Amino acid sequence: MKRASKLIFSEFRSLFRTITLMGIIMLFFIAALLSVISVLIDIPDGFYNGMNDYYGGFNKLSVDDIDLDTATAHGGTPIYGHVNGLTRYSVISSKKTISSTPSPMIVDEDEKTEQVISFTVTSYIITEYGLKWLPKYSDSVTKGRLPEKNGEIAINTDISRMLGANVGDQVTFEPDYDYVDPENETTFQITEPTTFEVVGIINTTKISSYKSKNPKETPLPSAHIYMVSDITTFDRLCMNFEDSRAAHSEYKNFIKLGKTCTLGSSANYEIIDTAVAFFGAVTAVLGIMVVFIIYALIAIFYRQRKGMICRLKLFGATDGQIGFIYCTIAVTLVFLSVAIGSVLAMAFNVYFIDLCGQLFDIISANFVSHFRPIVQISVFAALALFTILIFFIYDRKIKNTSISSEVRYE
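An account of the accompanying structure is given in this report. These numbers were taken from a predicted model, which means no experiment stands behind them. (Residues numbered from 1 in each chain as written. Predicted model: local features only at pLDDT ≥ 70, side-chain atom pairs only at ≥ 80, totals over all residues. Heavy atoms only, no water.)

Our focus in this paragraph is the environment of Ser-93. Mapping Ser-93 onto the fold places it in strand β3 (residues 90–93). Note on Ser-93: relative accessible area 16%, which makes it buried. For Ser-93 and Gly-164, which are 71 residues apart along the polypeptide, the C-alpha to C-alpha distance reads 9.1 Å. Among residues more than four places away in sequence, those in contact with Ser-93 are Leu-163, Gln-170, Val-171 and Thr-172. (Helix = DSSP H or I, 4+ residues; strand = E, 2+ residues; numbered from the N terminus. Buried < 20%, exposed > 50% of the residue type's maximum accessible area, 1.4 Å probe, protein only. Contact = heavy atoms within 4.5 Å.)

Right under this line is the structure:
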């Protein structure tokens, strides 16, 4: 062991200039790599935690063509949804009749005539999971009560007047087969008329006002009609996730399954995806640069000390013993670069996280810089293994070279 130590220090002195220069270069690149990895972790964490706090645990994900069992299996809480032929694209009738969704503008190319109808009735089926939030709107009830069980609906005062329906009356929904959409072919899950009993009249303006003043109280949107039905399959279902990270993850899972999805506060999630893509690309580039520096370091060792390596072999040193000497020098250099680079990386990370806090002031408190030893340990382990691998690749070149020819002039 003493002999090996002496050889290590001897080779270190011989390679001092090379080690110093390459060490400085490696230090800054490793510091940049560590800082970018930390930022890559801290920025999404800040956004996710910020959205959880700001939105009060209401993180909506809407998915098309899905049933309640699938929604709950993905960790979501189904709260409300649409069914074609019922909540939209339907004819609503009581004493009078209206259409829930007007046909889009149609232009006749020959006569240049247009059909323009602007009023759309907003209706939602409230699931059994969503009913717990409906009482938050109890102050908006002008007559009767809010729906509580299958077959009951509450309607807006304007819709009540348009239909001529009051508490206790029956309202029937049936598919509007005259609905025309030039861009999308509408399919109807409901093909037969469905009748509900009106149990309450509501003031949608009060609901909208309550929503704006208390955004963290309920995920239920304001609407003209709330209905309760035992339907389990929806053309569009909105589910809630208490954790924004889970909502984002399941959004990506549903996209992979070919589903059409919409995330609430989608702009924030786009920022997260953009940040992850950008810093992920920077991490890859810096990682490649660090690997290249280590490769160059080993190549320089090989070129500068090839004669010494051959002499050691002539004196009976094994490949493992020779590898131990030069790999110890290289790995020690990597270790020092990671250790010192961690301090520089934290300084950069703190600066960048503070900058994010200034840019996104509403959730600034959620942007926190963390020191994660696992990152440093993982980077060091990966680079150390790569260093050893590269040295033994070069050692194969030495085996294929005539030792006597390398030392014939010495």
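Moving on, we get to the pairing of strand β1 (residues 59–67). Looking at chain direction, β1 and strand β13 (residues 233–241) are connected through eight bridges and run antiparallel. Residue pairing across strands places Asp-64 opposite Arg-236, the latter belonging to β13. Note that β1 and strand β14 (residues 261–263) share three bridges and pair antiparallel. By the bridge assignment, Val-63 is partnered in β14 with Cys-261. (Pairing = 2+ DSSP bridges.)

Core analysis: the largest hydrophobic core is formed by 77 residues, its most contacted members being Ile-43, Leu-86, Ile-153, Phe-173 and Ile-225. In this structure, Ile-153 is in contact with Pro-147, Val-171, Phe-173, Phe-196, Glu-197, Val-198, Val-199, Gly-200, Ile-225, Tyr-226 and Met-227, ignoring residues within four places of it in sequence. One finds Tyr-80, Tyr-124, Leu-146 and Ala-223 within the second-largest nonpolar core, a separate group that totals 18 residues. (Core = buried A, V, L, I, M, F, W, Y, C linked by side-chain atoms within 4.5 Å.)

Right, let's get into the side chain of Thr-218. In this structure, Thr-218 sits in the loop between α5 (204–213) and β12 (225–228). A polar atom in the side chain of Thr-218 sits 3.1 Å from the backbone nitrogen of Leu-220. Those residues in contact with Thr-218 that lie beyond four places of it in its chain are Phe-58, Trp-133, Lys-136, Tyr-137, Tyr-210 and Lys-211. (Polar contact = N/O pair within 3.5 Å; in protein donor to acceptor, adjacent residues only side chain to side chain.)

A few words on a nonpolar patch on the surface. A surface patch of nonpolar side chains, amounting to about 290 Å² of accessible area, comprises Ile-24, Phe-28 and Leu-344. Looking at where Phe-28 falls in the secondary structure, it is placed in helix α2 (residues 16–54). For Phe-28, a relative accessible area of 53% gives the class exposed. (Patch = residues over 30% accessible without salt bridge, like charges linked within 9 Å, V, L, I, M, F, W, Y side chains within 5 Å. Areas by Shrake-Rupley, 256 points an atom, 1.4 Å probe, with all protein chains shown as cover. Salt bridge = Lys/Arg side-chain N within 4 Å of Asp/Glu carboxyl O.)

Further remarks concern the packing of α2 against helix α6 (residues 244–256). Where α2 meets α6, the axes come as close as 8 Å, and the angle between the chain directions of the two elements is 110°. Comparing their axes, α6 and α2 come out roughly perpendicular. Residue-level inspection shows Asp-45, Tyr-48, Met-51 and Asn-52 of α2 in contact with α6, the latter providing Ser-244, Arg-245 and His-248. Its residues assigned to classes, the contact of α2 with α6 shows two nonpolar, three polar and two charged. (Axes fitted to C-alpha atoms, helices over the stretch in contact; angles between N-to-C directions. Parallel < 35°, antiparallel > 145°, perpendicular 65-115°, else oblique. Nonpolar A, V, L, I, M, F, W, Y, C, P; charged D, E, K, R; others polar.)

This paragraph deals with the environment of Val-141. Looking at the element boundaries, Val-141 is found in strand β8 (residues 141–144). Considering only alpha carbons, one finds Val-141 and Ile-202, 61 residues apart in sequence, at a separation of 4.3 Å. Once you skip the residues sitting within four places of it in the chain, Val-141 turns out to touch Leu-146, Ile-201 and Ile-202.

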